[in-house]
Amino acid sequence: MPKLREKIESWFEELGHVLYRHRIKTLLAVFLVTAFLIVQLFKLTVDTSSEGMLHEDDPVRINYNAFRDQFGRDEIVVISIKPPDVFSATFLNKLKSFHEDLENETPYVREVRSLMNARHTRAEGDVLYVDDLLQDWPERQVDLVELREQVLKNPVYLNNIISEDGTYAGVIVETEAVIAVESDSDDIMADFEDDTDMSGESSIKTRYFGAKENKEVTFAIEKVAARYNGDDFQIAVSGGPVIVDYFNRYVQQDAINCTVICFIVIIILLGVLFNWRITGIIFPLIIIDASLTSTLGLMGLLHVPLTLVTNGILAFLLAVGVGDAVHILSVFYRAIQDGKSREDAIAYAMGHSGMAVMLTSLTTAAGLLSFSFAELSTIADLGRFAAVGVILALLYTLFLLPPLFAIFPVKKKAGLEKKSKTMDRFLLFFANNSTGFPKRILAVTFLIFVVSIVCMSMLDFKYNAISYFKDGEQVKKNVRIIEDNFKGMIVLEAIVDTQKENGIHAPDVLNSIETLSRKIEKIQRPEIFVGKVFSITDIVKETNQALNGNDPDFYTIPQDRQTIAQELLLFENSGSDDLEKVVDSQFSKTRITIKTPWTDGVILENFMDEMKKVFETEFSKKAEVVLTGGVALVARTIPTTIRSMSKSYVAASIVITIMMICLVGSLKIGLLSMIPNLLPIFISMGIMGIAKVPLDLTTMLIGSIAIGLVVDDTVHFMYNFRKYYDITGDSHKAVRKTLLGTGRALLITSLILTLGFFSDFFATLTNIIRFGLFTGITIIFALLADFIVAPALMVMVMGSSAQNKKD
């Protein structure tokens with residue numbers, strides 16, 4: 001093993017010489033490859049939709065697409081209006097103008113619904129009329145007292161376009177589910193978008209409505225609302241599309257702000273730690289930028305979008321790129337101070353740390369690749385492209401630093417001995433104490449492990465995007481207003497398929513829909529409630545009542561198949577298109593829309609499971625039922641993503657353990673090396689448990705970064721410890737040499753990354769703030785584990801002729 005290590009180190013040293021001497025050819029080759037990948041960035045899209053997390057052949061995604069093709073988009077914009085009196089001529093005049101402006105100025109709009117055009121079903125003799133409630137207002141005079149009574153008695157209007165107490169009016173904006181596009185690629189700078197292609201090979205293609213269009217719709221609606229908003233017309237705009245758009249805006253804003261601050265912090269720290277050498281600042285930034293842009297370019301080339309999960313690749317590669325560069329640079333500058341030439345210094349640094357950097361990269365990449373077998377596509381993409389990014393960061397570090405140092409001059413700096421000695425004393429403090437009291441350290445470590453595991457049991461899986469907005473944010477206030485007065489804003493869609501033509505005409509099918517609807521509407525729990533259920537039975541009952549002298553006693557479902565068919569035909573011939581929104585042309589399948597509040601994804605998953613059982617019981621042997629819509633997507637993707645990532649972390653830990661055993665050449669040491677690998681993650685998760693911080697998509701990403709950083713640190717320590725132990729035969733000396741060598745780079749890297757991630761404190765969204773805080777904390781604990789726990793373990797396992805007797 002020592003001889004093999006020496007050969008590999010000699011190879012890396014020789015590689016340093018070769019790259020240094022062939023600087024122009026090397027840089028040209030790297031530039032061409034990087035330029036090719038950067039060009040592919042223009043093909044990169046960003047998809048923050050729930051369905052974007054699923055594989056294209058996932059049954060849930062297939063069902064959702066089939067629903068959109070048949071019935072349109074399930075997500076709606078909900079507008080709440082609080083006037084002094086809803087049923088006043090002044091307000092209705094303003095509402096009409098507002099309604100018309102929304103129709104005229106909102107792009108991709110399919111329909112705007114309000115009191116102006118609410119469905120009003122009536123009959124004159126045997127002729128059925130389906131009119132707008134306030135058709136020809138204000139030319140046609142209306143008794144406002146009667147209007148109030150009529151509206152508040154109509155169950156379809158309540159919690160839809162009017163609040164139950166009649167003090168709030170609602171406006172619903174529904175957009176198209178499918179749009180036409182002129183090309184098959186979009187600029188990433190055009191904002192978050194869903195690039196799902198639905199067409200053949202025509203130059204004019206179609207795709208599902210995405211976040212790019214959603215942004216345009218939200219902007220247009222808010223622009224109209226701003227003109228009308230006032231004390232007598234208090235407007236709150238919300239709904240799934242608006243919340244998603246605001247979330248995307250804040251994510252983009254926070255990403256830009258925090259990245260800029262992070263880079264400023266990195267530049268300052270690199271300057272301080274490398275004594276303001278320009279090369280010590282610029283070269284790591286070049287490697288980081290090259291790694292990030294190349295990885296993202298590769299994703300663009302392969303048409304893999306950035307999602308809420310794969311977005312974690314950015315922070316991960318930032319950490320890996322800094323770490324790889326710093327390990328080489330710290331040895332290089334130390335060699336320069338010792339009087340070596342630039343070529344000899346970079347060759348020495350490559351020989352000293354090249355193999356360790358390669359081993360850390362391979363170990364981290366192997367662990368990340370275990371994610372590629374995840375159930376959800378977004379996690380699989382995270383594993384694959386994070387692993388690719390790790391290898392790219394390694395290659396850029398090895399192939400850029402030697403030729404760059406061949407071009408840019410670096411000189412020995414005077415007066416650094418004092419600073420170097422101060423850091424040496426700091427590192428020796430840890431070396432002496434960790435090797436001097438190994439039993440006590442390991443006893444405390446065991447205790448911390450136990451306490452952390454207990455605290456980890458307090459963790460809960462949760463995901464609620466609304467909770468990420470601070471309490472004072474208007475978007476959060478609007479959600480409260482609308483959910484308090486209109487009882488929900490997202491929907492679960494149930495498709496009832498009788499699988500036979502005119503099967504929906506059967507009274508027993510409609511009776512089941514009605515029975516189920518009334519049963520579901522009774523669900524009123526603190527964590528979730530059903531605010532409204534819409535179905536074809538609403539149309540059937542309205543029509544039946546209208547054709548029977550508008551007698552409320554006939555607001556029922558006829559129990560004769562032929563009567564149902566005739567009444568639906570009359571409704572269809574009335575000119576209204578409402579029927580086609582709830583039933584297919586063959587009357588074989590229909591939709592049931594269940595409105596719920598925006599709540600936690602885990603709660604929605606439980607609600608989905610409950611609904612499946614209810615529908616299966618009610619429609620057994622009558623029809624097949626498929627649950628889809630926004631609620632179904634969140635219930636499927638978010639909890640599954642969180643659990644799938646948890647399983648992937650376990651798989652990654654196993655893979656890394658195997659890799660560590662192979663790298664150190666010892667089963668015992670390989671297994672023990674996982675203690676400093678796992679300890680920092682356990683401690684951070686334990687703190688999260690105590691602090692009641694939920695495990696969600698963002699906090700789960702901490703683990704992917706922690707795996708890379710913790711493993712990198714431990715591999716560097718173990719590799720150098722084994723090298724120096726083979727030379728000295730003394731574990732105490734080996735620890736001291738390790739910390740005085742690679743420990744310097746570990747300290748520098750950890751300081752840079754910790755303060756870099758703490759820059760997320762300037763974010764707007766609370767989940768990003770938590771992400772920065774706990775990632776930084778994990779990095780600190782990882783450093784302490786390798787400075788304290790790892791040396792103590794090695795002393796206990798390897799022993800030493802100079803072992804301290806204090807323990």
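This one's a predicted model, so the numbers in the text were calculated from it and none came from an experiment. (Residues numbered from 1 in each chain as written. Predicted model: local features only at pLDDT ≥ 70, side-chain atom pairs only at ≥ 80, totals over all residues. Heavy atoms only, no water.)

Caption draft 1: Region of the structure containing the overall build of the chain. When helices and strands are tallied, the chain shows 24 helices and twelve strands. In the chain, which comprises 807 residues, the proportion classed as buried is 59%. In the chain, of all internal contacts separated by at least 6 residues, the share reaching a separation of at least 24 is 78%. If you sum the accessible surface of the chain, you get close to 32,800 Å²; carbon and sulfur atoms cover 59% of it. Seen as two clouds, the 77 positive and the 95 negative side-chain charges of the chain have centres 15 Å apart. (Helix = DSSP H or I, 4+ residues; strand = E, 2+ residues; numbered from the N terminus. Buried < 20%, exposed > 50% of the residue type's maximum accessible area, 1.4 Å probe, protein only. Contact = heavy atoms within 4.5 Å. Areas by Shrake-Rupley, 256 points an atom, 1.4 Å probe, with all protein chains shown as cover. Lys, Arg positive; Asp, Glu negative; His and termini not counted. Charge placed at Lys NZ, Arg CZ, Asp CG, Glu CD.)

Caption draft 2: How the structure looks around the pattern of salt bridges. Inspection of every chain in the model, using the stated rule, returns 32 salt bridges. Across the salt bridge formed by D101 and R227, the nearest N and O atoms sit 3.2 Å from each other. Note that D101 is positioned in helix α4 (residues 89-105) and R227 in helix α6 (residues 211-228), a separation of 126 residues in sequence. For the salt bridge of E610 with R525, the shortest nitrogen-to-oxygen distance reads 2.7 Å. Of this pair, E610 sits in helix α18 (residues 601-618) while R525 sits in the loop between α15 (507-521) and β10 (532-534); the two residues are 85 residues apart in sequence, bridging distant segments of the chain. Because the salt bridges share partners, they merge into one network encompassing R110, E111, R113, R119, E174, E542, D578 and K581. (Salt bridge = Lys/Arg side-chain N within 4 Å of Asp/Glu carboxyl O.)

Caption draft 3: Expanded view of the pairing of strand β5 (residues 169-175). For β5, a buried count of seven out of seven residues is recorded, marking the element as mostly surrounded by other parts of the structure. Inspection of the sheet shows strand β1 (residues 76-82) paired to β5 by six bridges, in the antiparallel sense. Note that in β5 the partner of S80 across the bridge is G170. Two strands pair when backbone bridges link them, and strand β2 (residues 109-113) and β5 are joined in this way by four bridges, in the antiparallel orientation. Within the sheet, the bridge partner assigned to R113 lies in β5 and is I172. (Pairing = 2+ DSSP bridges.)

Caption draft 4: View of the sheet that holds β5. Ordered in space as β2-β5-β1-β8, the four strands form an open sheet in which the pairing is antiparallel. Two strands bound the open sheet, and with one partner strand each, they are β2 and β8 (234-238). Geometrically, the sheet is characterised by an average inter-axis angle of 15° between neighbouring strands, direction not taken into account. In terms of strand pairing, β1 meets β8 through five bridges, oriented antiparallel. For S80, the partnering residue across the bridge sits in β8 and is A236. Contacting β1, β5 and β8, α6 runs over the sheet at an angle of about 170° to β8. The strands touched by helix α14 (residues 474-486) within the sheet are β1, β5 and β8, with β8 carrying the most contacts at an inclination of about 95°. (Axes fitted to C-alpha atoms, helices over the stretch in contact; angles between N-to-C directions.)

Caption draft 5: Just the state of the cysteines, in detail. On inspection of all chains with the given rule, the structure shows zero disulfides. Sulfur of C262: no disulfide; nearest cysteine sulfur belongs to C258 and is 8.7 Å away. (Disulfide = S-S within 2.5 Å.)

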